[in-house]
Amino acid sequence: MGAFDNGFDGEFDLISDLENTYSEVNTDDGDELLEGLNPEQKEAVMHLDGPLLILAGAGSGKTRVITYRIAYMMKKHHVSPGSILAITFTNKAANEMKERINKLVGDSSRYIWSGTFHSIFARILRRHAECLGFTSAFTIVDTDDQIKLIKQVMTELDIPEKIYKPRNFQYEISKQKNDMVSVEEFERSAGKDSYYVNTAKVYRRYQQRLIENNSMDFDDILIYMVRLLKEDPEILSFYQNKFRYIMVDEYQDTNRAQYTAVQLLSSSHKNICVVGDDDQSIYSFRGADVRMILSFEKDFRGAKVVKLERNYRSTSTILEAANKVIANNRSRKEKKLRTEGGKGDPIIIMNSDTQMVEAMFTADTILKLVKSGKCGYSDIAVLYRMNALSRSIESALRERGIPFKVYGGMRFYDRKEIKDVFAYLRIIADGKDNLAFERIINVPKRGIGDATVDAVREIAMNEGTDCLSVCQNAFDYPELQRAASRLNSFYALIDMMREELRKNEKTFPEYIDFVENRSGIVDDIIAQRESKGELIDRVENLKELLTEAIEFEKARRAVSFDKEELHRTEADNDIVGIEIKNDPYLEEETRNIDTLEGLLNAYLETAALYASGDEDDGSDDNVKLMTIHSAKGLEFSSVFLVGAEEGIFPSYKCLTTESDLEEERRLMYVAITRAKKNLFITLTRNRMIFGQTQCNAPSRFLKEMPPELLYLMGSKREVKPPAVNPVSPRRSDSAKAISSAISGAFKKPKPPEGLAPSELSVGMRVVHGRFGEGTIIKAEQVAGDCLVTIDFDGMKKNMLAKSAGLKKA
DNA sequence: TTAGTTCCCTATTAG
DNA sequence: AGGGAACTAA
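Please read these numbers as outputs of a predicted model, since none were measured by experiment. (Residues numbered from 1 in each chain as written. Chains lettered and ligands numbered in written order. Predicted model: local features only at pLDDT ≥ 70, side-chain atom pairs only at ≥ 80, totals over all residues. Heavy atoms only, no water.)

1. Side note on the overall build of chain A
Part 1 of the argument: When its secondary structure is counted, chain A shows 32 helices and 23 strands.
Part 2 of the argument: Put simply, chain A has 809 residues, and 53% of those count as buried.
Part 3 of the argument: Here the analysis covers contacts within chain A between residues at least 6 apart in sequence; of these, 75% occur between residues at least 24 apart.
Part 4 of the argument: Accessible surface for chain A amounts to roughly 37,200 Å². Of this, 50% is attributable to carbon and sulfur atoms. (Helix = DSSP H or I, 4+ residues; strand = E, 2+ residues; numbered from the N terminus. Buried < 20%, exposed > 50% of the residue type's maximum accessible area, 1.4 Å probe, protein only. Contact = heavy atoms within 4.5 Å. Areas by Shrake-Rupley, 256 points an atom, 1.4 Å probe, with all protein chains shown as cover.)

See the structure below:
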């Protein structure tokens, strides 16, 4: 208090009081972030430099720790957001994290690099694609494309599909890539075993074909990233300097290649923080290796370890059940989660006769929960082991008018019609994309069959050109004469679409609509539907793609708008003391998105890695349906776990080896610990699956839960798994008859009634089922429907009129 | 050679 | 139940 020692006397109390208040309000140096954290969480948040391992049990406030740690780094230590790399397991998790950080530190959180391994690495690879012999527009092939390529390769190599299954090769190749075994290494280790010899042949040829097509599979993204870092010291040191602080969430699900990349990136500064829980390792099927997290302390000398073992999420009942189940696993680090939460309700087990009853129970109970005011729809999740189980639940929910959203499942981008449109877009963007060519050369049917395609491919290979160019010059090749004019007009079609793209007159969704129509896909689908009476509405999916395109264009434009506003953001940031101006690595994507062409390229680049519907704007009050795998990291007030039967969960595929079974048990652990207050587990004696009714015993995991925590409903029969080996599924004809009779009554998806698309116009007041009343501010007739933008009290939403079921206000 | 039909076979989890 | 291969008709 030396400043006061020059003649003043008196109001010291007042001054020091002011001083305190003032500093609390204005210093804002990050310490306020520590309030409300427990000692271990605090320890983790405050750790800045050097390796850090956070062993975070389920519900222990992991996400909170991660977000607070990042915010603390920025506020307290003035770490530039541009030098933070945060790797999450899903894109959804990345978005959520960003949002939460944004609340803590403001807009500058946008500069944090966050996303999945795949999306972040793909982004980096696009910049340096040339170093690896690719162009920056390389395509990412999905599992479907992989299988197609492998089949082609197999015919080339005369490997009979009767004996070897393409799927097996795909699996094997993926496995090798995850372990970073190159073609050469694999060939050397293959020995004389004909299976491995053939796998090696396929591997080599497959890889070659990918390169020829300027494409990578999902595993390649990781492999090439590692190669890039290893082979180019300049690039390595650039990213080492850029990403001075690295965080990896769900570290227990990391594979060898991912581990190596992280290792390389952090090797110069060792500022690496990983978060995980060995009990929640559920991705070994795609190369995840729990040993990565178990050996972290060895890999990174002097690593600090923080254990978060206090559960803030669940009732003690739920937690106790989870603990008891997981305790049956032999290979794990001994630990136990504690909670101060109350006992809560017992876990309700519902054993029913058919899956219809199971679904009705689920739907009715959801209705009861919501009506009683216990929770809203969005606090409820229905989880299952297999996507196939969602069907019956969906119909029951639909019947009762319960709003819901299905996550994952048949991924949006995996649907045939969507992939077809994408193939058109891909070949428009890049004529060398032979995979896209082969996909749509005869979609819709235009009289070009396998034989012609084979001939075209042959010519293209011999001439060292691409298939589309062969079409352009089809008349030059005598062997193509029969189909020459058809091939040529296909080229003309694509050329016309390119011309339209270059004109740059349409908006992005308009252009997609143009491609959907001109390609003939829309008409083809309508014709098919009329002739075969298809169940799913594929046209609806195509329209959904248009909605996506609107969102995409909007988001992109928003980014470029933000850039103009940058100076203001910087000023804002100075207030909280985050210096971003001087960070040479601070950057945002600078792709040209002012033209239609630029937008298309940007769209194609991101689409493959984003499962549509991944992002959830949170405003929708609906029940969430998803697999247990995709529920990882999420929590819900009430959870319904359906299909708790032997053969389903644990999956029949995982019954043979102990390690597979332990992974299933970890899955069960994850499922249970998603619930905060109420957990319902349902099972049914007769389940119709894969077109057959099977009769399964209750899941063995149920027996591992303490009976006093359970409340059994439905069947009088005890919940008791088989004594020894699981009984193989039996067919039951009477049950089959009954369930199919009921399922007939169940199948009636009712499209919402509402205003016809043509009746809508700008300025009109309409009512939406969930958002209430709003004004149409934009209306665009598209593909027999109307794309409308509606302003609901300031909240703007894009939707398609037909599926939205709008009514006149 | 292509398109339409039938028949057969095979089924997790995901970026 | 659904997709793909094999078969058949044009």
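Having seen the structure, we can now continue with the description.
2. Brief notes about the pattern of salt bridges
Part 1 of the argument: Summed over the entire model, instances satisfying the criterion amount to 48 salt bridges.
Part 2 of the argument: Linking Arg 313 and Glu 635 is a salt bridge whose minimum nitrogen-to-oxygen distance equals 2.7 Å. Of this pair, Arg 313 sits in the loop between β9 (310-311) and α15 (316-326) while Glu 635 sits in the loop between α28 (628-631) and β15 (636-641), placing them 322 residues apart in sequence.
Part 3 of the argument: Classification of Arg 313 as buried rests on a relative accessible area of 13%.
Part 4 of the argument: Notably, a salt bridge pairs Arg 700 with Glu 646, separated by 2.7 Å at the nearest N-O pair. Here the residue Arg 700 occupies a position in helix α30 (residues 700-703), and Glu 646 occupies one in the loop between β15 and α29 (658-673), the gap between them amounting to 54 residues.
Part 5 of the argument: The class for Glu 646 is buried, based on a relative accessible area of 5%.
Part 6 of the argument: Each of the salt bridges in this network shares a partner with another, and the network as a whole consists of Lys 62, Asp 249, Glu 250, Asp 253 and Lys 632. (Salt bridge = Lys/Arg side-chain N within 4 Å of Asp/Glu carboxyl O.)

3. Quick notes on the protein's contact with DNA strand C
Part 1 of the argument: Near DNA strand C you find Lys 151, Glu 161 and Lys 162, and these make up its full shell.
Part 2 of the argument: Separating a phosphate oxygen of DNA strand C from a side-chain N or O atom of Lys 151 is a distance of 3.3 Å. (Near = heavy atom within 4 Å. Polar contact = N/O pair within 3.5 Å; in protein donor to acceptor, adjacent residues only side chain to side chain.)

4. As for the environment of Pro 403
Part 1 of the argument: Summarising the element assignment, Pro 403 is placed in the loop between α17 (390-399) and β13 (404-406).
Part 2 of the argument: Sequence spacing of Pro 403 and Thr 595 is 192 residues, and the spatial spacing of their C-alpha atoms is 38 Å.

5. Considering the pairing of strand β14 (residues 623-627)
Part 1 of the argument: Counting buried residues along β14, 5 of its 5 residues qualify, which places the element largely inside the surrounding structure.
Part 2 of the argument: Side chains Val 623, Leu 625 and Thr 627 of β14 all project onto a buried face; the interleaved residues Lys 624 and Met 626 project onto the opposite face, where all are buried too.
Part 3 of the argument: The sheet contact formed by strand β12 (residues 380-384) and β14 spans 4 bridges and is parallel. Across the sheet, the residue bridging to Tyr 384 is Thr 627, located in β14.
Part 4 of the argument: One ladder, built from 3 bridges, connects β13 with β14; its direction is parallel. Residue Lys 405 lies in a different strand from β14, and its bridge partner there is Lys 624. (Pairing = 2+ DSSP bridges.)

6. Quick look at unusual backbone geometry
Part 1 of the argument: The step from Val 443 to Pro 444 runs through a cis peptide bond, and the omega angle for that step is -5°.
Part 2 of the argument: Note that Pro 444 resides in the loop between α19 (434-440) and α20 (450-463).
Part 3 of the argument: For Met 180, which is not a glycine, the phi torsion comes out positive at approximately 60°.
Part 4 of the argument: Here Met 180 shows up in the loop between α7 (166-178) and α8 (183-190).
Part 5 of the argument: Positive phi, close to 50°, is recorded for Glu 250, a residue that is not glycine.
Part 6 of the argument: Note on Glu 250: relative accessible area 7%, which makes it buried.

7. Focus: the nonpolar core
Part 1 of the argument: Counting 57 residues, the largest nonpolar core has Tyr 424, Phe 437, Leu 487, Phe 508, Tyr 511, Ile 512 and Leu 545 as its most contacted members.
Part 2 of the argument: Excluding residues within four positions of it along the chain, Tyr 511 makes contact with Leu 425, Ile 428, Met 497, Arg 498, Glu 500, Leu 501, Lys 506 and Leu 596. (Core = buried A, V, L, I, M, F, W, Y, C linked by side-chain atoms within 4.5 Å.)

8. Points about the protein's contact with DNA strand B
Part 1 of the argument: Close to DNA strand B lie 29 residues, the nearest being Arg 385, Asn 387, Arg 411, Gly 449 and Thr 452.
Part 2 of the argument: The sugar-phosphate backbone supplies 54% of the atoms of DNA strand B found within 4 Å of the protein.
Part 3 of the argument: Contact distances for DNA strand B include 3.0 Å between a phosphate oxygen and a backbone N or O atom of Gly 447.
Part 4 of the argument: Those elements that provide at least two residues to the surface near DNA strand B are α10 (218-231), α20 and α28.
Part 5 of the argument: No other element matches the 3 residues that α20 contributes to the surface near DNA strand B.
Part 6 of the argument: Of the residues contributing to the surface near DNA strand B, the split by class is 8 nonpolar, 12 polar and 9 charged. (Nonpolar A, V, L, I, M, F, W, Y, C, P; charged D, E, K, R; others polar.)

9. Remarks on α8
Part 1 of the argument: The set of residues buried in α8 consists of Val 183, Phe 186 and Ala 190. Down the axis, α8 shows its buried residues gathered within 65° of arc, on one side only. Exposed residues pointing more than 90 degrees away from the buried face of α8 are listed as Arg 188 and Ser 189.
Part 2 of the argument: On the buried face of α8, the contacting elements are α7 and α9 (194-212).
Part 3 of the argument: Where α8 terminates, the next one or two residues include Gly 191, which has phi positive at roughly 65°. (Arc of directions from axis to C-beta.)

10. Let's talk about the side chain of His 118
Part 1 of the argument: Assignment of secondary structure puts His 118 in helix α5 (residues 117-127).
Part 2 of the argument: Overall, His 118 belongs to the buried group, its relative accessible area being 16%.
Part 3 of the argument: Apart from the residues within four sequence positions on either side, His 118 is in contact with Phe 218, Ile 221, Leu 222, Gln 258 and Leu 609.

11. Some remarks on helix α11 (residues 233-242)
Part 1 of the argument: Among the residues making up α11, those that are buried are Ile 235, Leu 236, Tyr 239, Gln 240 and Lys 242. Buried residues of α11, seen end-on, are gathered within an arc of 165° and therefore sit on one face of the element. Opposite the buried face of α11, by more than 90 degrees, sit the exposed residues Pro 233 and Glu 234.
Part 2 of the argument: In this structure, the buried side of α11 is in contact with β3 (113-115), α5, α10 and α12 (256-266).

12. Observations concerning the packing of aromatic side chains
Part 1 of the argument: This structure, assessed with the given rule, holds 25 aromatic pairs.
Part 2 of the argument: Between the aromatic rings of Tyr 283 and Phe 285, the centroid separation amounts to 5.6 Å while the plane-to-plane angle is 35°, which identifies the pairing as tilted.
Part 3 of the argument: The exposed category is assigned to Phe 285, whose relative accessible area is 51%.
Part 4 of the argument: A connected cluster of aromatic rings, assembled from ring pairs, spans Tyr 164, Phe 169, Phe 186, Tyr 195, Tyr 196 and Tyr 203.
Part 5 of the argument: The ring of Tyr 407 has Lys 405 sitting right over it, with the charged end atom 5.2 Å from the ring centre. (Phe/Tyr/Trp six-rings, centres within 6.5 Å; stacked < 30°, edge-to-face > 60°. Lys NZ or Arg CZ within 6 Å of the ring centre and 35° of its normal.)

13. Overview of the environment of Phe 138
Part 1 of the argument: Residue position: Phe 138 is located in the loop between α5 and β4 (139-141).
Part 2 of the argument: A relative accessible area of 1% means that Phe 138 is categorised as buried.
Part 3 of the argument: Linking Phe 138 and Leu 125, residues 13 residues apart in sequence, is a C-alpha distance of 9.4 Å.
Part 4 of the argument: What Phe 138 contacts, discounting residues up to four positions off in sequence, is Ala 122, Leu 125, Arg 126, Ala 129, Asn 214 and Met 216.

14. A word on the sheet that holds strand β6 (residues 245-248)
Part 1 of the argument: The 6 strands are arranged β3-β2-β6-β7-β1-β8 in an open sheet whose pairing can be described as parallel. At either end of the open sheet lies a strand with only one pairing partner, and these are β3 and β8 (304-308). Pairs of neighbouring strands in the sheet enclose a mean axial angle of 10°, with direction left out of account.
Part 2 of the argument: Alignment of strand β2 (residues 84-87) against β3, held across 3 bridges, turns out to be parallel. Of the residues in β3, the one forming a bridge with Ile 87 is Gly 115. (Axes fitted to C-alpha atoms, helices over the stretch in contact; angles between N-to-C directions.)

15. Observations regarding the confidence of the model for chain A
Part 1 of the argument: For chain A, per-residue confidence averages 81 on the pLDDT scale, and residues scoring 70 or more make up 80% of the total.
Part 2 of the argument: Mean pLDDT across the secondary structure elements of chain A bottoms out at helix α31 (residues 733-746), with 29, and peaks at β15, with 96.
Part 3 of the argument: Here residues 22-26 scores under 50 on pLDDT; set against residues more than four positions off or in separate chains, the count is 2 contacts.
Part 4 of the argument: For the stretch residues 717-753, pLDDT sits under 50, and the model shows 49 contacts to residues farther than four places along the chain or on other chains. (pLDDT = per-residue confidence, 0-100.)

16. Here's the deal with the packing of helix α18 (residues 416-429) against helix α22 (residues 484-503)
Part 1 of the argument: Axis separation between α18 and α22 bottoms out at 9 Å; the angle between their running directions is 75°. The angle between α18 and α22 places the two elements in the roughly perpendicular class. Between α18, through Tyr 424, Ile 427 and Ile 428, and α22, the contact on the second element is made entirely by Phe 490, Leu 493, Ile 494, Met 497, Arg 498 and Leu 501.
Part 2 of the argument: Residues of the contact of α18 with α22, tallied by class, amount to 8 nonpolar, no polar and 1 charged. (Parallel < 35°, antiparallel > 145°, perpendicular 65-115°, else oblique.)

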